[in-house]
Amino acid sequence: MAGAGKGKGEVEGMEQKLEKLMSAFHDHQEGNKAVRHQKELEELFSFLREHEAAFSQLPGDKKDDLDALLRNIEGVLELCKNQEEKKKKTTNKMGDCIPFKSSSRPPADHTSSTSVVAPLLMQARDILGDSSSSAPAAAGPNKKEVLYEWTTSYVDEKRLYGWDDEATEVADALAGPEEDDDELFRAAGIFGIHGSGKTALAQKVFVHDRIKDTFLLRLWVCVGPTPPDDDKQQQYEVKFSLLYRMLDNLGLDTYKVEEVVNGSEAVKKHSGDSDAAKESKIGVLLFILHVALAKTSYLIVLDDIRAYEPWYTNLALPPPPHGEWSDRLAYGLPKLNKSAVLVTCRKEEHARAMVRTGRVFHPPLLAVADAWKLFEREYLQEAEKKQVGYNVKDDVLYNDLKVVQEEMVGKCLGLPVAILEAAKGFAQYCTYVDDDDAKTTQPTTAKGADAGDPAHAAA
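In every chain, residue numbers begin from 1 and rise along the written sequence. Side-chain atom pairs in this predicted model are given and counted only at pLDDT of 80 or more, local residue features only at pLDDT of at least 70, and totals for whole chains, interfaces and linings cover all residues. Calculation of side-chain values draws on the structure's entire complement of heavy atoms; hydrogens and water are dropped beforehand.

(A) Structural context of the packing of aromatic side chains. Two aromatic rings, drawn from Phe, Tyr or Trp (for Trp, its six-membered ring), form a pair once their centres lie within 6.5 Å of each other, and the interplanar angle then sorts them: stacked below 30 degrees, edge-to-face above 60, tilted otherwise. Enumeration over the complete set of coordinates arrives at 11 aromatic pairs. With centroids separated by 5.9 Å and ring planes inclined at 40°, the aromatic side chains of Trp372 and Tyr398 adopt a geometry described as tilted. Separated by 26 residues along the polypeptide, Trp372 in helix H13 (residues 368–386) and Tyr398 in helix H14 (residues 396–403) bring together distant segments of the chain. For each residue, the accessible area found with a 1.4 Å probe, counting protein chains only, is set against the maximum for its type, and the residue is called buried under 20%, exposed over 50%, and partly exposed in between. On the basis of relative accessible area, Tyr398 is assigned to the buried category, the value being 5%. Here the aromatic rings of Tyr379 and Tyr398 are separated by 5.9 Å at their centres, their planes lie at 35°, and the arrangement is tilted. In this pair, Tyr379 is assigned in helix H13 and Tyr398 in helix H14, connecting sequence segments 19 residues apart. Judged by relative accessible area, which is 0%, Tyr379 ranks as buried. Among the aromatic residues, those joined into a cluster by ring pairs are Trp372, Phe375, Tyr379, Tyr398 and Phe426. Whether a charge sits over a ring comes down to the Lys NZ or Arg CZ being within 6 Å of the ring centre and within 35 degrees of the ring normal. One Lys or Arg, Arg125, reaches over the ring of Phe47 and ends 6.0 Å from the middle of that ring. Helix and strand definitions follow DSSP, with helices as H or I runs of at least four residues and strands as E runs of at least two, each counted in order from the N terminus.

(B) Focus on the packing of helix H9 (residues 254–263) against helix H11 (residues 274–293). Interaxial distance between H9 and H11 falls to 9 Å at its minimum, and their mutual angle equals 130°. One finds that H9 runs oblique with respect to H11. Considering only the axes of H9 and H11, their crossing is right-handed. Here H9 contributes Val257, Val260, Val261 and Asn262 to the contact with H11, which in turn contributes Lys281, Val284, Leu285 and Ile288. Charged means Asp, Glu, Lys or Arg here, nonpolar means Ala, Val, Leu, Ile, Met, Phe, Trp, Tyr, Cys or Pro, and polar covers whatever is left, Gly included. Here the residues of the contact of H9 with H11 sort into six nonpolar, one polar and one charged. Geometry is summarised by axes, namely lines fitted to C-alpha atoms with helices restricted to the contacting stretch, and by angles between N-to-C directions that run from 0 to 180 degrees. Comment on the angle field: the value is read as roughly parallel under 35 degrees, roughly antiparallel over 145, roughly perpendicular from 65 to 115, and oblique elsewhere. Each helix crossing is assigned a hand: it is left-handed if the near helix lies turned anticlockwise from the far helix by less than a right angle, otherwise right-handed if that turn is clockwise. The criterion used for residue contact is that any of the two residues' heavy atoms lie within 4.5 Å.

(C) Here's a closer look at the nonpolar core. If you look at the biggest cluster of nonpolar residues, it comprises 45 residues, and the most contacted ones within it are Leu174, Leu342, Phe375 and Tyr379. If you count residues domain by domain, this core takes at least three from each of domain 2 (157–361) and domain 3 (368–430). Beyond its immediate chain neighbours, meaning those up to four positions away, Leu342 contacts Val170, Leu174, Ala188, Gly189, Ile190, Ala202, Val205, Leu299, Ile300, Val301 and Leu302. By nonpolar core we mean a set of buried residues, namely Ala, Val, Leu, Ile, Met, Phe, Trp, Tyr and Cys, connected to one another through side-chain atoms within 4.5 Å. As used throughout, domain bounds are those supplied by an automatic or database domain assignment.

This is the structure we're talking about:
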């Protein structure tokens, strides 16, 4: 019965999340407020509503994917609302670059090619098994597609724990000394292993008061997964998509941009050489980006550069006076006004190659108090999913863990990802008291896990 209660509670939580998102979307519409990508959002919510009954029938891994998808939808919905409102403002603009796929020519119906919502609808169809999905099938029957969770600047600042001093230090490195009124371009990097808190620290920097006061434009770009080194077509598509996302979030009409790119002399002169034409398209897009940014002071965050390559090298380089612009992303970043770029990646040498003389930072280990806040938030969320009517006051395990929080954080080495996984693992064993009887929820353990050892499950 306890196991059934867990599953039911998890599904009810996702259903409530969907209802909350749909209500927020409809309330915004009813208030006569514009929403970007409105038709695509309506299609996405309509699809999820039609398949809501299937939530409870999903296997455990698909439920996790759906839960992650709903979190992504929440962030994108806020972006779509905020981006439309930002068009009315001329100062202190902020944007995010969520992935989309763009064809080499405008689609006939002009619907989803450049929409930030399109990949979410594809993921929803993949998770819920809709036959009309245009998402590619998995390579094999036993291969599970892992959905990449794209990062955004939209974040509840109350959910960012610790690192206030570190965020200020990075912000000062990007904005420069307060007493100086220079127009220098600056770059800084944050490096660290997966789950060390690179994105969280970058998010704290992005919303830092010093950054808001210094840069008129702030743009968050999630770079994300990169293709194999030997796949030139996919490498081209990644660069093409990255630049299109940036231009889209700067408010440019991407269909007109594509017409300009395809009609440019630099591209047309390579009409007989597809590889050369593709390189020229990248160069033209970089030139358009340069022009779009030239008259403002900006901060661009390039988050999660998974695989470093020479295209990202030395972001402080000015564009060449003659020749192709396609060789470096740096050429699309003007150095005329006080502007900056912040990159996050996994290796220190890659960060230094990108920022050159700029400063490089590493997120420190979380302090015990901040680490416990993170653990507590995740633990309680998971416990509420697994158990209907969960009450933390009755949770014996939670109170035991609270006593040994310092030792537990030490076991996790202060790493955010380890703390989160520990919280999820222990939540499978939350023990509560009801009618003077202690009860323990039945955990769903991974294959080969020892069901009697919560520490093993959390590892």
